[in-house]
Amino acid sequence: MGKLEGKVAIVTGASRGIGAAIVAKLAEEGATVVACARSIESCESAALCLKVDVSDSAQVDACVKTVVERFGRIDVLVNNAGITKDGLLMRMSDDDWDQVLGINLKGTFLFTRAVARPMMKERSGSIVNISSVVGITGNAGQANYTASKGGVIALTKTTAKELGSRNIRCNAVAPGFIESKMTDGLSDELKKAYLGSIPLKRFGNVDDVAKAVVWLASDDASYVTGQVVGVNGGMI
């Protein structure tokens with residue numbers, strides 16, 4: 001029997017990369033998984049796929065309502081949806097700032113707020129937010145992205161404090177350099193520089209992140225809340 005047998009999980013940003021890997025791992029451990037993304041037609045491991053703009057509160061609330069009506073409960077939420085619109089701080093447009101913060105940070109807040117009530121009713125739940133190593137270290141050319149991911153860490157810690165008395169845990173996973181479509185566009189020179197800063201001397205893969213999420217979502221981490229788990233090969 002899997003670690004998440006009988007659990008109902010929502011994963012945002014589930015259409016590709018880390019999100020798709022998380023869906024697959026949660027399902028492998030027995031969870032009934034609802035895959036959410038702005039554009040998603042099917043997801044092999046998911047019990048249900050829903051198109052949701054995480055920055056739209058009405059869509060988020062409707063998604064959570066649908067899941068509760070369909071499956072009766074929500075045990076796990078993984079806030080993975082995220083985008084980048086990189087550029088130097090002095091040249092960054094208002095729109096590039098607003099879009100990244102809207103999806104990466106506001107989306108995490110909206111989904112967390114929406115699942116809080118059904119989780120409180122069950123007096124249990126695990127929320128796992130996907131942050132980033134650069135949300136801790138900062139990174140030139142990513143003022144919007146680093147601000148959003150740093151904000152996710154702060155939101156994680158506050159959520160853990162507010163909901164802990166109802167046995168709802170909230171933790172963050174902060175991936176380092178993970179091979180994905182988001183990192184494929186980086187130059188070979190930049191990739192080499194990143195590799196030089198990683199003690200394990202390899203880049204991570206999406207399964208490395210998914211395994212950490214499964215652990216935090218499961219009862220194996222029942223006394224872990226308000227924490228940031230770095231999956232970064234020792235970068236920091």
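What you see is a predicted model; the values in this text were computed from it and never measured.

1. Some thoughts on the environment of Glu189
1) Next: One can find Glu189 in helix α7 (residues 188-196).
2) Next: Distance in space between the C-alpha atoms of Glu189 and Arg117 is 47 Å, their sequence separation being 72 residues.

2. Comments concerning the packing of helix α1 (residues 17-28) against helix α8 (residues 206-217)
1) Next: For the pair α1 and α8, the least separation of the axes is 8 Å and the interaxial angle reads 50 degrees. Looking at the two axes, α1 sits oblique to α8. Both α1 and α8 take part in a crossing whose hand is right-handed. Counted together, Gly17, Ile18, Ala21, Ile22, Lys25 and Leu26 of α1 and Val206, Asp207, Val209, Ala210, Lys211, Val213, Val214 and Ala217 of α8 form the full contact between these two elements.
2) Next: Of the residues belonging to the contact of α1 with α8, the class tally is ten nonpolar, one polar and three charged.

3. A look at the environment of Ala147
1) Next: The topology assignment puts Ala147 in helix α5 (residues 143-163).
2) Next: For the pair formed by Ala147 and Asn104, sequence separation is 43 residues and the distance between their alpha carbons is 9.5 Å.
3) Next: Here Ala147 is in contact with Trp97 and Gln142, once residues within four sequence places are set aside.

The rules behind each value
Residues numbered from 1 in each chain as written. Predicted model: local features only at pLDDT ≥ 70, side-chain atom pairs only at ≥ 80, totals over all residues. Heavy atoms only, no water. Helix = DSSP H or I, 4+ residues; strand = E, 2+ residues; numbered from the N terminus. Axes fitted to C-alpha atoms, helices over the stretch in contact; angles between N-to-C directions. Parallel < 35°, antiparallel > 145°, perpendicular 65-115°, else oblique. Left-handed = near helix turned anticlockwise from the far one by under 90°. Contact = heavy atoms within 4.5 Å. Nonpolar A, V, L, I, M, F, W, Y, C, P; charged D, E, K, R; others polar.

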